[in-house]
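Chains, contacts and geometry: an overview
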Amino acid sequence: MKQLLPYLALYRRHSIRLLLGIVLAVVTLLASIGLLTLSGWFLAAASLAGFAGLYSFNYMLPAAGVRGAAIIRTAGRYFERLVSHDGTFRVLQHLRVTTFTRLLPLTPGRLYRFQQGDLLNRLVADVDTLDHLYLRVISPLVGALCVVLVVMVGLSWLDVPLALTLGLILLLTLLALPPLFYRLGYPVGVALTQQRSAWRSLLMRWLQGMAELRIYGIEPDYRQKLDKVEQQWQATQQQQSRLSASSQAGLLLISGLTVTLILWLSAGGVGSTLSPGAAIALFVFCCLAAFEALAPVANAFQYLGQVIASAERISEITQQQPGVRFAGDRQQSAQQVSLTLQQVSFSYENATFPALQQVSLQLRAGEKLALIGRTGSGKSTLLQLITRAWDPQQGEITLNDYPLASWQEHALRKMTTVVSQRVHLFSATLRDNLLLAAPGASDSQLVSALQQVGLEKLLADPQGLHAWLGDGGRQLSGGERRRLGIARALLHDGALWLLDEPTEGLDAHTEQQILHLLHQVTHDKSVIMVTHRLQGIENMDRIGVMDGGQLVELGSHEALMAKGGRYSDFQQRFTL
Ligand code: ATP
Ligand code: MG
């Protein structure tokens, strides 16, 4: 259970609310026990008084007590729910923000370990499950303990042996049932958490890959797989319900036996009274009510397995160490950027071959470099190292002669404009999708950027910049997506442009226009452009050819042409 310690520490922040919730829960429980006990005694005493023909029976006081207890119970339950849920939601909010804050610096390198659906599940469902810890475990347990003590002490005013007997049975039940049901429920809880996650991940993949699955005709197979996991999940849920039912049945049995015992013991009289009287009803109803207070405890411990499994899954995220730390102190971004790579080598985790080997390169301020090379030769990796998605294992990268690690993150982001190979479209408005590159940009700047990249037709939508893109909204074609990426780059406009195949998927005419635009807007910028297309490459100052993670050729277009070699091969293959 030590996995829960960090989460218990979180409760300290909202301890006052949570303690108040427990106090209110105890008051409510005691009020309901008081209500049942008093009513039982009151009815029995009133009827006995009637039979005996007593007219001096004071019914005002007990009736007021019953009413008072009923009001306290209702009001107590209302405020207990209000306060304890408010406290729990605050804890969950804090936990969710903490988990997300830990997640952010992991992006993107470490996050590849988690499947998308799984990550979402951890962030939403697992965090939600942790609300059981307070609401279903801690609060009922403390409440039940208080009830046992109060019942024992309260009843001992009337009859010590009876009170002790009932108290001991309650205490033993409270000590025995939770560990028993914790043991029985733990594997079920863990399985439930894992199956829920597996089902959601599978469902997400099924939905996302629907087009491919249908094309290849394997959608029914996949659906079957999903159904199978769902059935297993439901079977485990059933198992948990059965456990829950048996815990309640067990408790009911113990409660029934105890009531019989108390009835038998109290039949000989309660306290100093030796004849049976209304106090029998008081003890019996008190016993029934006290067992009701114990009911949530046995259930609670079944959920503990689920809570522990969820806590472990969240800890797997929060305990990850970011692969890249921005601890530098250079805050001032520069208007002109020069870049050097010295003997840079990099391997992805668990990769057999290095993605980059001893790459050395110098880019003067304002210089433009085209990077070409076969697929998988490490071009995108090189750009990602410059944006610090990962740090190289060997060698050094400097910006304006300062190591990359010495720049603060916001300065580095401000200086670099990136069009990545896969432009991500956020499920948000067109405006928001553009603003992320330049949060302060005006609507007219956004419109102008769209017009520059030839995406003005997106503005033809009646909602204009407020039209929804991505999930649930307008989908963009590959070429449109890419141009949206370039519009973002125009808005961001840093001093170093890193373009990963910016014209891939565009027709020859649009490609020409985009290359022309890029040439214009980057005339005083430093540029590295990865490309497979050799159109317009002669406008670049130098060309680097990559192969197997190495930079095998570097020079001007003319020099490389004159030299022959791999660049000429490319030239022949790609230039029509
Ligand atoms: P392309 O022209 O197809 O875009 P590229 O030159 O950009 O190729 P990279 O994406 O840099 O190639 O990949 C270089 C090598 O590293 C490839 O062998 C690739 O499989 C591998 N690789 C890329 N990304 C990862 C990753 N996240 N984890 C492990 N290996 C990776
Ligand atoms: Mg690439």
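Residues numbered from 1 in each chain as written. Chains lettered and ligands numbered in written order. Predicted model: local features only at pLDDT ≥ 70, side-chain atom pairs only at ≥ 80, totals over all residues. Heavy atoms only, no water.

1. Things to note about the overall build of the protein chain
Stated formally: Numbered from the N terminus, helices here are DSSP runs of H or I no shorter than four residues, and strands are runs of E no shorter than two. The quantity called the radius of gyration is restricted to C-alpha atoms. Its globule counterpart is 2.2 Å times the number of residues to the power 0.38. The buried label goes to any residue with under 20% of its type's maximum accessible area, the exposed label to any with over 50%, and the partly exposed label to all in between, with areas taken from a 1.4 Å probe on protein chains only. Throughout, a residue-residue contact means that at least one pair of heavy atoms, one from each residue, lies within 4.5 Å. All accessible-area figures derive from a Shrake-Rupley calculation using a 1.4 Å probe, and residue coverage is judged against the displayed protein chains alone.
Across its full length, the protein chain holds 17 helices and 10 strands. Radius of gyration (C-alpha) of the protein chain: 35 Å, far over the 25 Å computed for a compact globule of 576 residues. When the backbone C-alpha atoms are referred to their principal axes, the protein chain occupies close to 125 × 50 × 50 Å. Within the protein chain, the fraction of its 576 residues that count as buried is 48%. Residue pairs at least 24 apart in sequence account for 77% of intrachain contacts in the protein chain once pairs closer than 6 positions are excluded. For the protein chain, the exposed surface amounts to about 29300 Å²; the carbon and sulfur share of it is 59%.

2. Observations regarding the coordination of the magnesium ion (ligand 2)
As a reminder, the rule being used: We call an atom a donor if it is N, O or S and sits within 2.8 Å of the metal, or 3.2 Å for Na, K and Ca. Water is not counted, so some sites may look partial.
Protein-derived coordination of the magnesium ion (ligand 2) comes from Ser-380 (OG) and Gln-421 (OE1), at a distance range of 1.9 to 2.2 Å. Of the two residues, Ser-380 sits in helix H10 (residues 379-386) while Gln-421 sits in the loop between strand E6 (416-419) and helix H12 (430-435), which places them 41 residues apart along the sequence.

3. Some words on the packing of aromatic side chains
Aromatic rings in a pair are described by how distant their centres are and how their planes are angled relative to each other. Stated precisely, the cut-off is as follows: Geometry of aromatic contacts follows a simple scheme: Phe, Tyr and Trp rings, the Trp one being its six-membered ring, pair when their centres are within 6.5 Å, and the pair is stacked under 30 degrees between planes, edge-to-face over 60, tilted otherwise. Here, a charge over a ring is recorded when the distance from Lys NZ or Arg CZ to the ring centre is within 6 Å and its angle to the ring normal is within 35 degrees.
Counted according to the given criterion, the structure contains 8 aromatic pairs. For the pair Tyr-348 and Trp-390, a centre-to-centre distance of 5.1 Å together with 90° between the ring planes defines the contact as edge-to-face. On the criterion of sequence distance, the pair formed by Tyr-348 in the loop between strand E1 (339-346) and strand E2 (356-363) and Trp-390 in the loop between H10 and strand E4 (394-399) is long-range, its members being 42 residues apart. A relative accessible area of 29% means that Tyr-348 is categorised as partly exposed. On the accessibility criterion, Trp-390 (16% relative accessible area) is buried. A ring pair is formed by Tyr-402 and Trp-407, whose centres lie 6.1 Å apart and whose planes are at 80°; its orientation type is edge-to-face. On the basis of relative accessibility, which here comes to 36%, the residue Tyr-402 falls in the partly exposed class. For Trp-407, a relative accessible area of 3% puts it in the buried group. Chaining the aromatic ring pairs together yields one cluster made of Phe-346, Tyr-348 and Trp-390. Taking the ring centre of Tyr-303 as reference, the NZ or CZ of Arg-136 above it sits at 4.2 Å. If you follow Arg-388 out to its NZ or CZ, it ends over the ring of Phe-326, 4.6 Å from the centre.

4. Topic: the site of ligand 1
Using the following cut-off: Any residue with a non-hydrogen atom lying within 4 Å of a molecule or strand is treated as near it. As used in this structure description, the phrase polar contact means that two N or O atoms lie within 3.5 Å; if the pair is within protein, one of them must be able to donate a hydrogen and the other to accept it, and residues adjacent in sequence are counted only when both atoms belong to side chains. Think of it as three bins: nonpolar holds Ala, Val, Leu, Ile, Met, Phe, Trp, Tyr, Cys and Pro, charged holds Asp, Glu, Lys and Arg, and polar takes everything else, Gly as well.
Near ligand 1 you find 13 residues, and of these Thr-375, Lys-379, Ser-380, Thr-381 and Gln-421 are the closest. In this structure, an oxygen atom belonging to ligand 1 sits 3.0 Å away from a main-chain N or O atom of Gly-378. Gln-421 is positioned with one of its side-chain polar atoms (N or O) 2.7 Å from an oxygen atom of ligand 1. Look at ligand 1: alone it shows 630 Å² of surface, and the protein chains cover 62% of it. Across the shell around ligand 1, the residue classes break down as 2 nonpolar, 8 polar and 3 charged.

5. Quick look at the packing of helix H5 (residues 131-156) against helix H6 (residues 160-208)
Formally: To define axes, lines are fitted to C-alpha atoms, for helices over the stretch in contact only, and angles between the resulting N-to-C directions are given on a 0 to 180 degree scale. With respect to orientation, any angle under 35 degrees is reported as roughly parallel, any angle over 145 as roughly antiparallel, any angle of 65 to 115 as roughly perpendicular, and every other angle as oblique. Each crossing is labelled by how the near helix is turned from the far one, with a counterclockwise turn of less than a right angle marking it left-handed and a clockwise turn marking it right-handed.
Running from amino to carboxyl end, H5 crosses H6 at an angle of 170°, the nearest separation of the two axes being 7 Å. Relative to H6, the element H5 is oriented roughly antiparallel. Regarding H5 and H6, the two cross each other, and that crossing is left-handed. Contacts from Leu-141, Ala-144, Leu-145, Val-148, Val-151, Met-152, Leu-155 and Ser-156 in H5 reach Val-160, Ala-163, Leu-164, Leu-166, Gly-167, Leu-168, Leu-170, Leu-171 and Leu-174 in H6. Of the residues belonging to the contact of H5 with H6, the class tally is 15 nonpolar, 2 polar and no charged.

6. Brief notes about the pattern of salt bridges
Convention followed: In the sections that follow, a salt bridge refers to a side-chain nitrogen of Lys or Arg positioned within 4 Å of a carboxyl oxygen of Asp or Glu.
Evaluation of the coordinates by the stated rule reveals 18 salt bridges. Put simply, Asp-86 and Arg-17 hold a salt bridge, and the shortest N to O gap is 2.7 Å. Of this pair, Asp-86 sits in helix H3 (residues 60-103) while Arg-17 sits in helix H2 (residues 15-52), and the two are 69 residues apart along the sequence. Between Glu-80 and Arg-77 there is a salt bridge, with its nearest N and O atoms 3.5 Å apart. One end of the pair, Glu-80, and the other, Arg-77, are both in helix H3, 3 residues apart, so they sit about a helical turn from each other. The exposure class assigned to Glu-80 is buried, which follows from its relative accessible area of 6%. Here the salt bridges share partners, and the residues they tie into one network are Arg-17, Asp-86 and Arg-90.

7. Remarks on unusual backbone geometry
One non-glycine residue with positive phi stands out, namely Gln-343, at about 45°. If you trace the backbone, Gln-343 turns up in strand E1. Judged by its relative accessible area of 41%, Gln-343 is partly exposed. Unlike most non-glycine residues, Asp-493 shows phi in positive territory, near 50°. Along the chain, Asp-493 falls in the loop between helix H14 (478-492) and strand E7 (496-500).

8. Quick notes on the sheet that holds E2
Convention followed: Strands are treated as partners if at least two bridges between them are detected by DSSP.
Strand order in the open sheet formed by 4 strands is E2-E1-E4-E5, with antiparallel pairing between adjacent strands. At either margin of the open sheet sits one strand with a lone partner, and together these are E2 and strand E5 (402-403). Examined bridge by bridge, E1 and E2 share 5 bridges and lie antiparallel to one another. Bridging across to E2, Phe-346 finds its partner in Leu-356. Lying on the sheet, H10 is in contact with E1, E2 and E4; it crosses E1 at an angle near 120°.

9. Here we look at H2
For clarity, the cut-off: An expected span of 1.5 Å times one less than the residue number is assigned to each helix.
Taking 1.5 Å of rise per residue, 38 residues should cover 56 Å, and H2 covers 54 Å from first to last C-alpha, within 8% of that figure. Just past H2, the residue Gly-53 takes up positive phi, approximately 70°.

10. Structural notes on the environment of Glu-367
By the element assignment, Glu-367 lies in the loop between E2 and strand E3 (368-373). Given a relative accessible area of 4%, Glu-367 falls into the buried group. When residues no more than four places from it in sequence are discounted, the contact partners of Glu-367 are Gln-362, Lys-525, Ser-526, Val-527, Asp-541 and Arg-542.

11. Concerning the domain arrangement of the protein chain
Cut-off, in case you're wondering: Per the annotation, domain bounds derive from an automatic or database assignment of domains.
If you check the domain split of the protein chain, you get domain 1 (2-318) and domain 2 (339-573). Of note, the centres of domain 1 and domain 2, computed from C-alpha atoms alone, are 56 Å apart.

12. So, the sheet that holds strand E9 (residues 542-547)
Strand order across the open sheet formed by 6 strands is E6-E7-E8-E3-E9-E10, with mixed pairing between neighbours. This sheet does not close on itself; its edge strands, each paired only once, are E6 and strand E10 (550-555). Across the sheet, the mean angle from the axis of one strand to that of its neighbour is 15°, orientation sign disregarded. Summarising the sheet, E9 and E10 pair through 5 bridges and their orientation is antiparallel. Looking at the pairing, Val-545 lines up with Glu-553 of E10.

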